[in-house]
Amino acid sequence: ADLRPLREQALAGIRIAVIGEPGSGRAALADQMRRDPNRPQLTSDAPLLLLDLESASEAASADLIILMIPEAKADTSREQALAQYWLNRGRRTLVFINTDNASPPPETGAVSPWASGPGRRVVAGSATDARFLMEKFVPAVIEIVPDQLLALGRYFPLFRLKIAHYLINDTSFSNAAYAMSTGLAELVAVLDIPITIADTVVLTKSQAFLVYKLGLAVGYSTRWQDYVAEFGGVLGGGFVWRNLARSLIGLIPLWGIIPKTAIAYAGTYVVGNVVLQWYLTGKHLSKGQVQQLYARALEQGRALARSLAGRMPRPRLRFPFRLPRLGLPRRRALQEPQLAAPAKPKTSKRRQVCPNCGKVSARDASFCQYCGTSFS
């Protein structure tokens, strides 16, 4: 497993520009981004571009542009023009409508002029409200820069917890989807051995990568040697979960796919959260806490497995040639009995030969036209 691309991605950094007029709250937001809300004593000195509207052109090379707008400002035409300019050029931009911390959340009317444009991302709240930042601002930024999460979390502590949960959920979902696909393949006897080996490697490798990515995102060491203990726990746990899930396939063919997928999800979820807890606090979860976490994750995994199974297309048998039609007699529909109509006198279609003279007369003649002998 080559971990260097992850390391390079985390150390590459991310350029963020916070733009706004004096008093817009840009400095307060920058201070919040450099601080971990769960550990206030932990701060970062990561560089940020704090620009006013006159020098907004310097943000052209930024990976993320945050445009700060005071809620009380009446004329925002200049800010709207800047936001549209960056949007037209494909720049990742987030409009932040900054409100007074003591005031209630802004009404729809204050946000609608910004949210009406296609592709615009807007959040409205106080730059000093930690709850708002974690519930609205941080998820919006994660959605804008999903390919730079390791660098974002490493240099800006405000985003670390949400990014860690995002990585855990994303990896758990990926492992569940993979387990679902290989569970279907294992029903074919010819594919059982290679698939069994392959999914053991893939699921365990995915969990090991998750351990390393979480460490990078929360500012932990970049040396993979410092993760040997965590990798060893993942390897051991991965084989246990895999063998348990595989036994379900053998005992309950087809129906065992659901619990197997749930186990793949729950196992990855537990690994991620246990390691994250140790990274953040230096303490391990107790056995009872791990069991509660696993039980909750297993229920989520079952629900996800049912959802994935419901969306999978059902196979249809198709033949490259037209099958011959069997010439079986058709069943006639039963009809109600009807009274027989009086029979009509049958008229022979053959010409009539006279038994007396032997000559042939017309077929509808009653008497021989030669000797007068009656045909009746």
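Model, not experiment: these values are computed from the prediction.

1. Focus on the overall build of the protein chain
The secondary structure content of the protein chain amounts to 11 helices and 9 strands. For the protein chain, the proportion of its 376 residues judged to be buried stands at 40%. Taking the intrachain contacts of the protein chain between residues at least 6 apart in sequence as the baseline, contacts between residues at least 24 apart amount to 68%. Accessible surface, the protein chain: about 22,700 Å² in total, of which carbon and sulfur atoms supply 56%.

2. Some remarks on the pattern of salt bridges
This model, assessed by the stated rule, comprises 7 salt bridges. The shortest N-O distance in the salt bridge between E79 and K73 comes to 2.3 Å. Residue E79 is classed as buried on the basis of its relative accessible area of 1%. Notably, a salt bridge pairs D147 with R92, separated by 2.9 Å at the nearest N-O pair. Linking D147 in the loop between α5 (130-144) and α6 (149-155) with R92 in the loop between α3 (77-88) and β6 (93-98), this pair joins segments that are 55 residues apart in sequence. The network of salt bridges with shared partners includes E21, K73 and E79.

3. Points about the pairing of β6
Looking along a regular strand, one sees the side chains alternate between the two faces of the sheet. Of all 6 residues in β6, 6 are buried, a share of seventy percent or more. The alternating pattern of β6 places T93, V95 and I97 and L94, F96 and N98 on opposite faces, both of which are buried. For strand β5 (residues 64-70) and β6, the ladder comprises 6 bridges, and the chain directions are parallel. Residue pairing for β6: M68 is matched across the bridge by F96. Read as a crossover between parallel neighbours, the route from β5 over α3 to β6 is right-handed. Relative to strand β7 (residues 122-125), β6 is paired through 4 bridges, and the arrangement is parallel. Each bridged residue has a counterpart across the sheet, and for N98 the counterpart in β7 is G125.

4. Some details on the confidence of the model for the protein chain
Here the protein chain averages 77 in pLDDT, and 72% of its residues register 70 or above. The least confident element of the protein chain, judged by mean pLDDT, is helix α9 (residues 228-251) at 54; the most confident is strand β1 (residues 16-19) at 95. Ignoring residues within four places in sequence, the model shows residues 248-255, a span with pLDDT below 50, making 11 contacts including any to other chains.

5. Quick word on the pairing of β5
The buried count for β5 comes to 7 of 7 residues, which makes it a mostly enclosed element. Here β5 shows a buried face lined by L64, I66, M68 and P70 and a second buried face lined by I65, L67 and I69. Bridging between β1 and β5 involves 4 bridges; their strand directions are parallel. In the sheet register, I19 faces β5, and the bridge partner there is L67.

6. Details of α3
Spanning 12 residues, α3 covers 16 Å between terminal C-alpha atoms, matching the ideal 16 Å at 1.5 Å per step. E79, L82, A83 and W86 are the residues of α3 that are buried. The buried residues of α3 occupy an angular sector of 95 degrees when the element is viewed end-on, so they sit on one face. Of the residues trailing α3, G90 is marked for its positive phi of about 75 degrees.

Rules of the game
- Residues numbered from 1 in each chain as written.
- Predicted model: local features only at pLDDT ≥ 70, side-chain atom pairs only at ≥ 80, totals over all residues.
- Heavy atoms only, no water.
- Helix = DSSP H or I, 4+ residues; strand = E, 2+ residues; numbered from the N terminus.
- Buried < 20%, exposed > 50% of the residue type's maximum accessible area, 1.4 Å probe, protein only.
- Contact = heavy atoms within 4.5 Å.
- Areas by Shrake-Rupley, 256 points an atom, 1.4 Å probe, with all protein chains shown as cover.
- Salt bridge = Lys/Arg side-chain N within 4 Å of Asp/Glu carboxyl O.
- Pairing = 2+ DSSP bridges.
- Right-handed = clockwise from strand over helix to strand, strands pointing away.
- pLDDT = per-residue confidence, 0-100.
- Expected span 1.5 Å × (residues − 1).
- Arc of directions from axis to C-beta.

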